[in-house]
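Here is how the chains run, residue by residue.
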Amino acid sequence: MIKTIICLVASIFLLANFAATTPVAKTATYEVKMTSNGFQPPNLVINKNDTIKFINVDSKDHWPASDLHPTHLIYPEFDPKTGIKAGQSWSFVFDKAGDWNMHDHLYPQFTGTIKASGQNNPAWLSLTTVKAGVSDKFDDLTVLVNKIYYHFFPDQLTQDLAKVDFMKLAYDDSKMSYWIKIIGGDGAMTKLLADAGGGAELDCHQEAHLIGRLSYNISHSNVFHNGSSACHSGYYHGAMEAFLYEQGTDNLAAKIDKLCTQFPTSFTKFECLHGVGHGVMAYLNYNLPWALDLCQELDDDFAKNSCYGGVFMENIITAEGKGASPVDHATTWVNSDPYFPCDQVAQNYPAEYQCYLMQTSRMLDLSGYNFGVVAKECLSAPGNMRETCFQSFGRDASGQMLHNPQKTLALCDLVDPNYTKDCIIGALNVVIDFSGDALTTQGSQFCESVAKPDLKTSCFNTLKGRMTDVFGNNTDKKKISCPIALCGQ
């Protein structure tokens, strides 16, 4: 006992002496002017604990804040919480090392980066995680009891959910976390989308950010598998914010690799990396070349390609402004050319391929959703990308027809007969991807609806090839009801 007390006293003495003798690092103050054209300078390299004074030299208010817009959750302390008026300033000490992307909350097109060099404190010094762990124990017990109750009384769950508005509940961390634990992040997004009138009546993007952030805090990497692209992919943006807040912004590619490689099947790994691609594009302020470069740093071709797909999808849905105000998130990587930006990444075949797998969505937007026009556009795509373009056509046909086999196949009949097979494959893939490991007979029903024997066989062969991607065992594979003659079950 006496020896223990002596050791404790000695430790305290040594720590106090270390603190007293450790030299205090010199800090500096930098100025960033907020102008009618953005931040000046937009990029700075500083040291941890340096101060930046943001000075408004414009006649309008400006509001510097951490990415991502509009929730500022990657570095939430970096936010004055209000606009800075003309002639006034706001100072912030960057006490965390990292590459901190920023934007003007009132003019999100104005962006910049603060690179703060140095070392962050190890995680064990933080007491907040201990506190969170204590409070979670009671929450988990409550959730467990209520989940059991709702299992036996599902009508009561429906009634209880009907009493809450997720558009408002998203701002209450405690109550929203409870519901995410009950119905999952994807279930919370389904309810949010319904409460937002399908995303057409109300802008649910910011609320989706908040649900994505809380979902990451609850389920971590699974958030990128059990997610939703609704409300302009705000869910993935919020999940990326929470991921970067927890992990930091340095060595991002290595952290993404670690995040997504833990999933058991190639399908779930793809879902993770695809969701990350969405988040990375938003984090990098819709700078498509930077986003592709980051994807390029991932470990293997599968990871890179999956990430590319998320980047290009995020680019297109941002251009369409689906579920969010175009002012909140904007991209310059679309124009009136139906082949842009695919024709700008032709030197990178995998990136070009992933671009064309999404590009008919842009073509449809440009043509007023005229599938006949888009079928002709795909015929004019580069020769090595035409099959890919028609697979994208099939993907969009299935999505627009809500996966109805007959209606989808009617749109595939619009394409050149040489590419009908590609349209069918693209449509089938969307049916499989939509259901994931919950797939049962949807794919088989689609293939059975294909009239021509050779195309039907091709459809079932594709379904057979995807089974290993989606399922981890033969028992699950049997659920898809693929004919034995075609799938060998």
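Refer to the preceding data block for the structure.
Presented here is an overview of the structure given in this document. Values in this document were obtained by computation on a predicted structure and should not be read as measured data.

1. Overview of the overall build of the protein
- Within the protein one finds 20 helices and eight strands.
- Per-residue burial for the protein yields a buried fraction of 49% across its 489 residues.
- Taking the contacts inside the protein whose residues are at least 6 apart along the sequence as the reference set, 64% of them involve residues at least 24 apart.
- Of the roughly 23800 Å² that the protein leaves accessible, carbon and sulfur atoms contribute 56%.

2. Overview of the state of the cysteines
- Under the defined criterion, the tally for this structure stands at seven disulfides.
- Here Cys342 is linked by a disulfide to Cys355, with a sulfur-sulfur distance of 2.1 Å. Residues Cys342 and Cys355 are joined by a disulfide whose S-S torsion is about -85°; by sign, that bridge is left-handed. A residue pair is termed long-range when its members are at least 10 positions apart, and Cys342 in the loop between α11 (301-320) and α12 (349-367) and Cys355 in helix α12 qualify at 13 residues. Residue Cys342 shares its accessibility class with Cys355, and that shared class is buried.
- The disulfide that involves Cys447 links it to Cys459, with 2.1 Å between the sulfurs. Given an S-S torsion of about -75°, the disulfide between Cys447 and Cys459 has left-handed geometry. Of this pair, Cys447 sits in helix α17 (residues 442-448) while Cys459 sits in helix α18 (residues 453-470), and the two are twelve residues apart along the sequence.
- Residue class for Cys447 comes out buried when judged on its relative accessible area of 0%.

3. So, unusual backbone geometry
- Asp67 connects to Leu68 through a cis peptide bond whose omega is -5°.
- Structurally, the position occupied by Leu68 is in the loop between β5 (64-66) and β6 (89-93).
- His69 connects to Pro70 through a cis peptide bond whose omega is 10°.
- With respect to the helices and strands, Pro70 occurs in the loop between β5 and β6.
- If you check the backbone angles, His72 has positive phi at about 60° while not being a glycine.
- Structurally, the position occupied by His72 is in the loop between β5 and β6.

4. Re the pattern of salt bridges
- Throughout the structure, instances matching the rule amount to 14 salt bridges.
- With its nearest N and O atoms 3.8 Å apart, the salt bridge here joins Asp79 to Lys81.
- By relative accessible area, Asp79 is classed as buried at 10%.
- In this structure, Glu448 and Lys456 form a salt bridge, with 3.6 Å as the shortest nitrogen-oxygen distance.

5. Regarding the sheet that holds strand β4 (residues 51-56)
- Strand order in the open sheet made by the four strands is β2-β1-β4-β6, with mixed pairing throughout. Strand pairing shows two members of the sheet lacking a second neighbour, β2 (38-40) and β6, which therefore form its edges. The mean angle between the axes of side-by-side strands here comes to 25°, regardless of whether they run parallel or antiparallel.
- For strand β1 (residues 29-35) and β2, the ladder comprises three bridges, and the chain directions are antiparallel. When the bridges of β2 are listed, Thr35 appears paired with Gly38.

6. Regarding the pairing of β1
- Summarising the sheet, β1 and β4 pair through six bridges and their orientation is parallel. Note on β4: the bridge partner recorded for Met34 is Asn56.
- Between β1 and β2, which pair antiparallel and follow one another directly, the connecting turn spans two residues.

7. Considering the sheet that holds strand β3 (residues 43-47)
- With mixed pairing, four strands are arranged side by side in an open sheet as β3-β8-β7-β5. Of all the strands in the sheet, the pair left with one neighbour each is β3 and β5. Across the sheet, the mean angle separating the axes of adjacent strands is 30° when strand polarity is ignored.
- Pairing of β3 with strand β8 (residues 107-117), which is carried by five bridges, proceeds in the parallel orientation. Each residue of the ladder has a partner; that of Asn47, found in β8, is Ser117.

8. A word on a nonpolar patch on the surface
- Nonpolar side chains collect at one region of the surface, where Leu144, Ile148, Tyr149, Phe152 and Phe153 lie side by side and expose about 540 Å² of accessible area between them.
- As for its position among the elements, Phe152 is in helix α2 (residues 128-152).
- In this structure Phe152 comes out as exposed when scored by relative accessible area, which is 59%.

9. Regarding the packing of helix α6 (residues 205-219) against helix α7 (residues 230-247)
- Taken N-terminus to C-terminus, the directions of α6 and α7 make an angle of 40°; their axes are 6 Å apart at the nearest point. In terms of axis orientation, α6 runs oblique to α7. For the crossing formed where α6 meets α7, the hand is right-handed.
- Of the residues assigned to the contact of α6 with α7, the class counts are eight nonpolar, eleven polar and three charged.

10. Notes on the side chain of Asn101
- Mapped onto the elements, Asn101 comes out in strand β7 (residues 98-104).
- Judged by relative accessible area, Asn101 falls into the buried class, the value being 9%.
- Here Thr113 takes part through its side chain, which lies 3.0 Å from a polar atom of the side chain of Asn101.
- Looking at Asn101, its side chain comes within polar contact range of the main-chain oxygen of Tyr283, at 2.8 Å.
- Setting aside chain neighbours within four positions, we find Asn101 in contact with Ala65, Ser66, Asp67, Gly112, Thr113, Tyr283, Leu284 and Asn285.

Definitions and limits used
- Residues numbered from 1 in each chain as written.
- Predicted model: local features only at pLDDT ≥ 70, side-chain atom pairs only at ≥ 80, totals over all residues.
- Heavy atoms only, no water.
- Helix = DSSP H or I, 4+ residues; strand = E, 2+ residues; numbered from the N terminus.
- Buried < 20%, exposed > 50% of the residue type's maximum accessible area, 1.4 Å probe, protein only.
- Contact = heavy atoms within 4.5 Å.
- Areas by Shrake-Rupley, 256 points an atom, 1.4 Å probe, with all protein chains shown as cover.
- Disulfide = S-S within 2.5 Å.
- Salt bridge = Lys/Arg side-chain N within 4 Å of Asp/Glu carboxyl O.
- Pairing = 2+ DSSP bridges.
- Axes fitted to C-alpha atoms, helices over the stretch in contact; angles between N-to-C directions.
- Patch = residues over 30% accessible without salt bridge, like charges linked within 9 Å, V, L, I, M, F, W, Y side chains within 5 Å.
- Parallel < 35°, antiparallel > 145°, perpendicular 65-115°, else oblique.
- Left-handed = near helix turned anticlockwise from the far one by under 90°.
- Nonpolar A, V, L, I, M, F, W, Y, C, P; charged D, E, K, R; others polar.
- Polar contact = N/O pair within 3.5 Å; in protein donor to acceptor, adjacent residues only side chain to side chain.

In short, shape yes, function no, at least from these values alone.
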